[in-house]
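Remarks on the overall topology
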Amino acid sequence: MLVCNCVWCILFYYRAGGIIPPVAGRLHKENIERVVQEAVEKSGVPLQELTAIATTVKPGLAFSLEVGLTYSLNLVQQYKRPFIPIHHMEAHALTVRMLHSVEFPFLVLLVSGGHCLLAVARGVSDFLLLGQSLDEAPGDTLDKVARRLSLKNHPDCSTMSGGEAIEHLSKSGDRLNITLKIPMSQRPDCNFSFSGLRNQVNQIIIKKESDEGLQEGQILACASDIAAAVQYTVAMHIAKRTQRAILFCKQEGLLPQTNAALVISGGVASNQYIRKVLQIVTEANGFSMHCPPPELCTDNGIMIAWNGIERLQAGIGVLHNPKTIHYEPKAPLGKDFS
Ligand code: ATP
Ligand code: FE
């Protein structure tokens with residue numbers, strides 16, 4: 001199985017402090033051949049022995065999706081292999097099944113750089129959406145807070161993503177020194193919101209910067225307290241919405257009455273503190289919790305390949321003569337509950 005994912009986008013993102021779509025597209029174009037050749041060499045399976053070719057076609061940056069799709073369709077023609085188009089979030093949701101036996105249906109929480117959603121996974125390509133972020137995703141919030149705190153100038157954090165930097169700094173911070181409101185506490189649904197939290201944090205940072213007489217790029221003395229408070233608030237918001245989703249699933253009989261499972265994935269699910277909080281929620285509800293290791297929670301090619309295998313085994317969406325495949329920059333996962 002051959003894979004294509006946004007590795008170069010991610011690298012550039014952390015260096016530049018944000019993705020510049022045409023630059024991401026150019027980097028994809030320049031690097032895709034080398035990345036594929038290296039992956040094929042490492043796997044020890046020559047291209048002509050591939051069973052099928054699986055590639056992300058939605059959702060994502062148009063420039064990057066186009067490069068991956070065009071490259072893959074050329075290989076499909078050259079080696080006469082079936083093509084399996086992949087939904088990036090379906091791949092995040094199913095990765096864990098490569099490592100643990102988690103049977104459908106299960107509850108899945110996806111928390112990443114561009115998404116935050118709760119769904120019941122009923123089958124390989126069958127997702128019932130229970131709730132999602134009404135504004136930004138938690139990874140985006142953590143990245144923006146980290147950037148606002150200039151954490152790339154912190155000696156420990158210069159090569160970390162924003163989320164990793166916040167997790168690292170939180171360990172030496174005291175969340176009780178900073179007061180933040182947990183979003184949407186009174187909302188009786190399973191949706192999320194993070195932009196209000198980011199505004200609260202920005203106001204606090206502006207005030208502290210002026211108190212400390214800070215120059216641009218310098219790090220606040222209380223940065224670790226702010227990191228700890230943000231991590232705690234994000235964790236509590238996610239935990240409360242997940243608790244609501246669990247109760248809803250029980251009420252509607254959407255999951256097995258015994259041995260129900262919660263799967264968490266996406267880059268933010270690498271966070272050990274958030275995992276611990278969710279572990280408490282799942283245990284209290286008699287659920288088991290499953291999560292890929294951190295390197296498979298953030299974007300990776302293996303999850304795309306695994307999704308291809310799942311689809312191939314289930315006989316879903318395997319194209320033997322693909323002619324007019326289009327990429328889709330915006331594509332929600334699954335159906336809404338109604
Ligand atoms: P999407 O999957 O929604 O399209 P994406 O592919 O950009 O978005 P991922 O690669 O799944 O996102 O995750 C990247 C995000 O995960 C970044 O926002 C990053 O800050 C966050 N992240 C990575 N490690 C951690 C961590 N330890 N704690 C919290 N957040 C983290
Ligand atoms: Fe992702």
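Quick look at the structure, then. Predicted model only: the values in this text are computed from it and were never measured.

It is worth spelling out the overall build of the chain at this point. Helix and strand counts for the chain stand at 11 helices and eight strands. Expected size for 338 residues packed as a compact globule is a radius of gyration near 20 Å; at 21 Å, the chain falls within 12% of this value. A principal-axis box enclosing the C-alpha atoms of the chain has dimensions of 65 × 50 × 30 Å. For the chain, the share of sequence-separated contacts (at least 6 apart) that also reach a separation of at least 24 residues comes to 75%.

With respect to spatial proximity, 22 residues lie near ligand 1, and among them Gly 113, Gly 114, Gly 139, Gly 163 and Gly 267 are the closest. Elements that contribute at least two residues to the shell around ligand 1 include exactly α4 (88-94), α5 (138-148) and α6 (162-170). Element by element, the count of residues in the shell around ligand 1 is highest for α6, at four residues. A breakdown of the residues in the shell around ligand 1 according to their chemical character gives three nonpolar, 15 polar and four charged.

Further remarks concern the pairing of strand β1 (residues 53-58). Here is the key point about a regular strand: its side chains alternate between the two faces of the sheet. Most of β1 sits inside the fold, with six of its six residues counted as buried. Pairing geometry for β1 and strand β2 (residues 83-87), over five bridges, is parallel. Residue pairing across strands places Ile 53 opposite Phe 83, the latter belonging to β2. In this fold, β1 hands off to helix α3 (residues 62-79), which returns the chain to β2; that crossover is right-handed.

Our next topic: the nonpolar core. Formed by 85 residues in total, the largest nonpolar core has its most connected members in Leu 107, Val 108, Ala 119 and Ile 226. When residues of this core are assigned to their parent elements, the largest contribution, 13 residues, is made by helix α8 (residues 223-252). Setting aside anything within four residues of it in sequence, one finds Ala 119 in contact with Val 108, Phe 127, Leu 128, Leu 129, Leu 130, Leu 333 and Gly 334.

Here we take up the sheet that holds strand β7 (residues 288-290). Reading across from one edge, β7-β6-β3-β4-β5-β8 is the order of the six strands in this open sheet, with mixed pairing throughout. Sheet topology places β7 and β8 (335-336) at the edges, where each strand pairs with a single neighbour. Note that strand β4 (residues 116-123) and strand β5 (residues 126-132) share six bridges and pair antiparallel. Note on β5: the bridge partner recorded for Gly 123 is Asp 126. Against the sheet, helix α9 (residues 272-284) engages β6 (261-265) and β7, with an angle of about 150° to β7.

This part covers α6. In terms of burial, α6 is largely enclosed, as eight of its nine residues are buried. The set of residues buried in α6 consists of Gly 162, Gly 163, Glu 164, Ala 165, Ile 166, Glu 167, Leu 169 and Ser 170. Where α6 is buried, its residues contact α5, α8 and α9.

Bringing the environment of Ile 238 into the picture now. Here Ile 238 is to be found in helix α8. A residue is classified by how many C-beta atoms lie within 10 Å of it, and Ile 238, with 25 of them, is buried. Sequence separation between Ile 238 and Leu 117 is 121 residues, and the spatial gap between their C-alpha atoms is 9.7 Å. For Ile 238, the contacting residues outside a window of four places in its chain are Val 111, Pro 138 and Ile 274.

So, on to the packing of α6 against α8. Between α6 and α8, whose axes approach to 8 Å, the crossing angle comes to 110°. By the angle class used here, α6 and α8 are roughly perpendicular. In the crossing of α6 with α8, the sense of the turn from one axis to the other is left-handed. Residues Ile 166, Glu 167, Leu 169 and Ser 170 of α6 lie in contact with α8, whose contacting residues are Ala 223, Ser 224, Ala 227, Ala 228, Val 230 and Gln 231. A per-class count over the contact of α6 with α8 returns six nonpolar, three polar and one charged.

This part is about the environment of Ala 261. Looking at the secondary structure, you find Ala 261 in strand β6. Ala 261 gets classed as buried once you count the C-beta atoms within 10 Å, which come to 22. The spatial distance from the C-alpha of Ala 261 to the C-alpha of Leu 176 is 32 Å, given a sequence separation of 85 residues. Residue contacts for Ala 261: discarding those within four places in its chain leaves Val 102, Phe 106, Leu 107, Phe 287, Ser 288 and His 290.

Quick notes on the rules
Residues numbered from 1 in each chain as written. Chains lettered and ligands numbered in written order. Predicted model: local features only at pLDDT ≥ 70, side-chain atom pairs only at ≥ 80, totals over all residues. Helix = DSSP H or I, 4+ residues; strand = E, 2+ residues; numbered from the N terminus. Rg over C-alpha atoms; globule rule 2.2 N^0.38 Å. Contact = placed C-beta atoms within 7 Å. Near = placed C-beta within 6 Å. Nonpolar A, V, L, I, M, F, W, Y, C, P; charged D, E, K, R; others polar. Buried ≥ 20, exposed ≤ 12 C-beta atoms within 10 Å, placed from the backbone. Pairing = 2+ DSSP bridges. Right-handed = clockwise from strand over helix to strand, strands pointing away. Core = buried A, V, L, I, M, F, W, Y, C linked by C-beta atoms within 7 Å. Axes fitted to C-alpha atoms, helices over the stretch in contact; angles between N-to-C directions. Parallel < 35°, antiparallel > 145°, perpendicular 65-115°, else oblique. Left-handed = near helix turned anticlockwise from the far one by under 90°.

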